[in-house]
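# Working through the structure, step by step
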Amino acid sequence: MEGPAGGSGTASSAIADWSLVFWTLCSVLLPVLLTLWCSFQRARRQGMIRDIFRKSKHDWHYTDLFGQPSYCCVCAQHILQGAFCSCCGLRVSEGCLKKADQLFLCKEIMMRSSGGAHSSMPHHWIRGNVPLCSCCAVCKQQCGTQPKLCDYRCVWCQYTVHDECMMDYLKTEKCTFGEFRDLIIPPYYLSTINQMRKDKRTNYEKVVPYCREHWMPVIVLANTRSGNNMGETLLGEFKILLNPVQVFDLSKTTPAKALQLCTLLPCNAARVLVCGGDGTVGWVLDAIDEMKIKGQECYIPQVAILPLGTGNDLSNTLGWGGGYAGEVPVEQILRNVMEADGIKLDRWKVQVTNKRYYNLRKPKVFTMNNYFSIGPDALMALNFHAHREKTPSLFSSRIINKAVYFFYGTKDCLVQECKDLNKKVELELDGERIELPNLEGIIVLNIGYWGGGCRLWEGMGDEPYPLARHDDGLLEVVGVHGSFHCAQIQVKLANPVRLGQAHTVRLILKSSKMPMQVDGEPWAQGPCTVTITHKTHALMLYHSGEQTDDDASSSSEQDHMREQSDEDI
């Protein structure tokens, strides 16, 4: 009797053990399988979304959280995340993306050919998600106040209209392109120009709005890698307000290629807004110089700046501010571009000829807009760039960038790597040898600002020195005693060592290796001869907006400069 009972107990124990193993495996494998299935579905869904984005005429972008209450333009449901078009402003849920892409047209950069020339176009209305605090063009009451998909917005003139105010005549009314009509390149203009080029006709003067007196189309060139990485956001905002064909991402399109759009526009009418740092501005100005070489001088645009870099000294000099962080609406920026005055900027050729190579090596040639320097500030820039090359992801904020500069400046105060510079170099101004005092650095200035907002030539402002100008063909040359002296000058506790002004500057580095920089681009340089001569002028735009205390003292001088530039232009 004990044998069968013992066998039965052993069998039930084995079953219990296998049951435990089974459920243990289920508890382990089921979450793993669910995770794998969800990952597969997510990857499949993202692949479908990318495929729609790639084939669509809309400029779709995906966001995990909309910045304002949003409703899907297809199903009218409230959505927290989904896709939006940075050109026309459509917002859709993920599930309605494919249907929205088929139902709604995006902004047309060029009108479809339908025979004959055009001089107007109808409104392009989009329902719902109107801008906050917008008013109805008919009844002047606020739009978008109801918690649902309601009201209309024209993607060209930005007019908003209530659902109940959208009358039949308004649907067929011609679009005026709104407040920024003088900055927008209309789609019908491009289609007409395209047809004329096919017919080998170049008499664009009769095409509307080419013949309009105050038309000054703007081309926006944005560097998405500059400073605080605001370029991507700005690209979308400018595409909403302008024709998307006028807005270029410089990480995808070079300035030389983007500026060829100027050749389709009236002579001397185009304006360029550069969104980036001083280095980006120099890149664009180099491309404009190439246009001169190609014989396209009559299409040269005037250049405005939206400062996204770290230093932004050229932007400061021209009245556009020391840095943009989104505090000014894009609409106001475009108004500032329309109201800005034309002014000239000297550009200089910096030639660096190495010694000890029996003239076998070609000299290095740079173009200078802001300043050239040798000494502690060039050393700080060199260390900063070396650090940024190693870990670029850390340098996404203007505050972090300036903190790193401060660190290297403090380090140099203790180490003094550039001391006894006066024994290592010779300086000539317009061919005259200058006796140098005990210095660690020499700075050659073309513009009024240096070092992220300091008026270096004026110093403390307690001495009657004339203000530095950027259109007089003269360079200001100053010396500094070290990094601590630079810091004192920046907070107006000291004056620079003013060495003089000149049309041509020649600097000879006799021995050792020293840090140098041109417009914030640094390198380590051995014995050489540096020659700085005038190269050309650039046509810039000066914004006479709100002034700081430093700027107020120079306002009369700037007014005189603009009047002089107007006469020259």
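Residues numbered from 1 in each chain as written. Predicted model: local features only at pLDDT ≥ 70, side-chain atom pairs only at ≥ 80, totals over all residues. Heavy atoms only, no water.

The subject of this paragraph is the overall build of the protein. Along the backbone of the protein there are 14 helices and 26 strands. Looking at the protein as a whole, 49% of its 569 residues qualify as buried. Pairs at least 24 residues apart make up 69% of the contacts formed inside the protein by residues separated by at least 6 positions. For the protein, the accessible surface area stands at approximately 28,500 Å², while carbon and sulfur atoms represent 55% of it. (Helix = DSSP H or I, 4+ residues; strand = E, 2+ residues; numbered from the N terminus. Buried < 20%, exposed > 50% of the residue type's maximum accessible area, 1.4 Å probe, protein only. Contact = heavy atoms within 4.5 Å. Areas by Shrake-Rupley, 256 points an atom, 1.4 Å probe, with all protein chains shown as cover.)

Our next topic: the sheet that holds strand β8 (residues 160-161). Pairing is antiparallel across the open sheet formed by three strands, whose spatial order is β6-β7-β8. Since the sheet does not close on itself, it has two edges, and those belong to β6 (125-127) and β8, each with one partner. Strand direction decides the pairing type here: strand β7 (residues 152-154) and β8, joined by two bridges, are antiparallel. Looking at β8, one finds that Arg 153 is bridged to Thr 160. (Pairing = 2+ DSSP bridges.)

Further remarks concern the packing of aromatic side chains. Applying the stated rule across the entire model yields six aromatic pairs. On the numbers, 5.1 Å between centres and 70° between planes, the contact of Tyr 189 with Trp 215 is edge-to-face. Here Tyr 189, found in helix α4 (residues 187-198), pairs with Trp 215, found in the loop between α4 and β9 (218-222); they are 26 residues apart in sequence, far enough to count as distant. Accessibility assignment for this pair places Tyr 189 and Trp 215 in one class, buried. Pairwise contacts between aromatic rings join Trp 156, Phe 177 and Tyr 188 into one cluster. The ring of Tyr 449 is capped by Arg 455, whose NZ or CZ atom sits 4.9 Å from the centre of that ring. Between the NZ or CZ atom of Arg 498 and the centre of the ring of Trp 457, over which it lies, the distance is 6.0 Å. (Phe/Tyr/Trp six-rings, centres within 6.5 Å; stacked < 30°, edge-to-face > 60°. Lys NZ or Arg CZ within 6 Å of the ring centre and 35° of its normal.)

What follows deals with the pattern of salt bridges. Counted under the stated rule, the structure contains 13 salt bridges. The salt bridge partner of Arg 127 is Asp 163, with a shortest N-O separation of 3.0 Å. On the criterion of sequence distance, the pair formed by Arg 127 in strand β6 and Asp 163 in the loop between β8 and α3 (168-172) is long-range, its members being 36 residues apart. Under the relative-accessibility criterion, Arg 127 is labelled partly exposed at 34%. You can call Asp 163 partly exposed: its relative accessible area is 25%. Between Lys 535 and Asp 289 there is a salt bridge; the shortest N-O distance is 3.8 Å. Within this pair, whereas Lys 535 is found in strand β26 (residues 528-542), its partner Asp 289 is found in helix α7 (residues 278-293), the two being separated by 246 residues in sequence. Overall, Asp 289 belongs to the buried group, its relative accessible area being 11%. Here the residues in one salt-bridge network are Asp 286, Asp 289, Lys 292, Arg 347 and Lys 535, joined through shared partners. (Salt bridge = Lys/Arg side-chain N within 4 Å of Asp/Glu carboxyl O.)

Attention now moves to the nonpolar core. Among the nonpolar cores identified, the biggest contains 99 residues, and Tyr 189, Leu 221, Phe 238, Leu 259, Leu 273 and Met 540 are the most heavily contacted of them. When residues of this core are assigned to their parent elements, the largest contribution, six residues, is made by α7. Contacts of Phe 238, omitting those with residues within four sequence positions, involve Val 220, Val 247, Leu 273, Cys 275, Leu 306, Val 330, Ile 333 and Leu 334. Counting 32 residues, the second largest nonpolar core, distinct from the first, contains Trp 348, Leu 379, Leu 439 and Met 514. (Core = buried A, V, L, I, M, F, W, Y, C linked by side-chain atoms within 4.5 Å.)

UniProt marks residues 20-40 with the feature "transmembrane region" (unreviewed entry), using the numbering shown here. Taken as a whole, residues 20-40 contains 100% helix and 0% strand, while its terminal C-alpha atoms sit 30 Å from one another. (UniProt positions renumbered as here; feature names shortened; annotations may be inferred.)

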